[in-house]
Amino acid sequence: MKAKKRSGRVAFVLCLAVMPVFFIPILMMLLGSFKTQGEALRMDLSLPEKFMLDNYRHVIETGNILRGYKNSLIITVAAVALVIVLGSMAGIVISRRNDKKVNAVYYYFIFGLTATMQLVTTYFLLLKLHMLESYLGVIMVFTAINLPFAVMTFASFVTGIPREIDEAAIIDGCSTLQMFFKVLIPIMKPAVITNLIIAAISVWNNFQVPLYLMSSSSRTTIPMMVYNFYGLYARDWQYVFAAIVFTVLPIVVLYLCLQKYIVEGMTAGAVKG
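Counting of residues starts from 1 at the beginning of each chain's written sequence and follows it residue by residue. The model is predicted, so local features are restricted to residues of pLDDT at least 70 and side-chain atom pairs to those at 80 or more, both for listing and for counting; the totals for chains, interfaces and linings are taken over all residues. Think of the side-chain values as coming from all heavy atoms in the structure, minus any hydrogens and water.

## Here's the deal with the overall build of the protein
Phase 1: When you go through the protein residue by residue, the secondary structure sums to 13 helices and zero strands.
Phase 2: Numbering of helices and strands runs from the N terminus, with a helix taken as a DSSP run of H or I at least four residues long and a strand as a DSSP run of E at least two residues long. Tracing the protein from N to C terminus, the helices and strands come up as α-α-α-α-α-α-α-α-α-α-α-α-α.
Phase 3: Looking at the protein as a whole, 36% of its 273 residues qualify as buried.
Phase 4: For the protein, the computed accessible surface area is about 16,700 Å², with 69% contributed by carbon and sulfur atoms. A simple rule labels every residue: compare its accessible area, found with a 1.4 Å probe on the protein chains alone, to the largest value its type can have, and call it buried under 20%, exposed over 50%, or partly exposed in between. For every accessible area listed, the method is Shrake-Rupley and the probe measures 1.4 Å; residues are considered covered only by the protein chains on display.

Here's what the structure looks like:
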């Protein structure tokens, strides 16, 4: 018992020691976005002498942030929707059927968790399919990247849902799609929300895929906007910090709005009965 308490204290102390590694850069970025050029160059946690709200106005006017938001929203919303719909459907089929073919498909998706993306071959594949420099090509690539994890989590979650629910829905006259959207999806809400946030963060913050597969200036995403802004204002860190705040803000708001569902997803099935 004492050993467990001691190990718990050690883990708690280690967590406290690691937390500043995450919070200090965020606080430095937030404070730096309100500073003057000279104050931002110091890269410290001091408060600005005067909060420069004009930094954000300058970023909006010169950084094409709104265009980046539009492109990122189109790609993120479409990719996340496909990941949730396809991942949940595949997870339901895999968990409800137990034969060699379905197990082979499941392990195929699991292999996707360890396989690394090959940008060169993906580039030429999209080129042959005439999908390069298009929203559709990038959306399909992001869907393929995030689908293995979604299939794994949905298949594990559906395993805990009694089959009698499916049978009752069929007896009540539900079609396959009605059973999926009206019966199973509401039950899987914690898994849906968890995959929504994980996929949204992965797609929204990804810089490499749009850089190689959709480098058109009219379709640049938010991470690419920040990169271009950094190259243009390499010494004006106050503008770079403000641009990064614009990038992080939507994901933070999304997480704060849906965090209670993540907790439900993490604790689902922990208590029997």
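Additional details are given in the paragraphs that follow.
## Structural notes on the pattern of salt bridges
Phase 1: The term salt bridge refers to a pairing of a side-chain nitrogen on Lys or Arg with a carboxyl oxygen on Asp or Glu at a separation within 4 Å. Across all of its chains, the model carries six salt bridges by this definition.
Phase 2: Between lysine 35 and aspartate 44 there is a salt bridge, and its shortest N-O distance comes to 3.0 Å.
Phase 3: A relative accessible area of 24% means that aspartate 44 is categorised as partly exposed.
Phase 4: With a closest N to O distance of 3.6 Å, aspartate 54 and arginine 57 form a salt bridge. Remark: arginine 57 and aspartate 54 occur in helix 3 (residues 54-62); sequence separation between them is three residues, near one turn of the helix.
Phase 5: Judged by its relative accessible area of 44%, aspartate 54 is partly exposed.
Phase 6: With relative accessibility at 43%, the residue arginine 57 sits in the partly exposed group.
Phase 7: Residues joined by salt bridges that share partners form a network here, namely Lys35, Arg42 and Asp44.

## Points about unusual backbone geometry
Phase 1: Located in the positive-phi region is methionine 43, a residue other than glycine, with phi close to 50°.
Phase 2: Considering the arrangement of structural elements, one finds methionine 43 in the loop between helix 2 (37-41) and helix 3.
Phase 3: Judged by relative accessible area, which is 33%, methionine 43 ranks as partly exposed.
Phase 4: Phi is positive for glutamate 133, which is not a glycine, with a value near 65°.
Phase 5: Given a relative accessible area of 29%, glutamate 133 falls into the partly exposed group.

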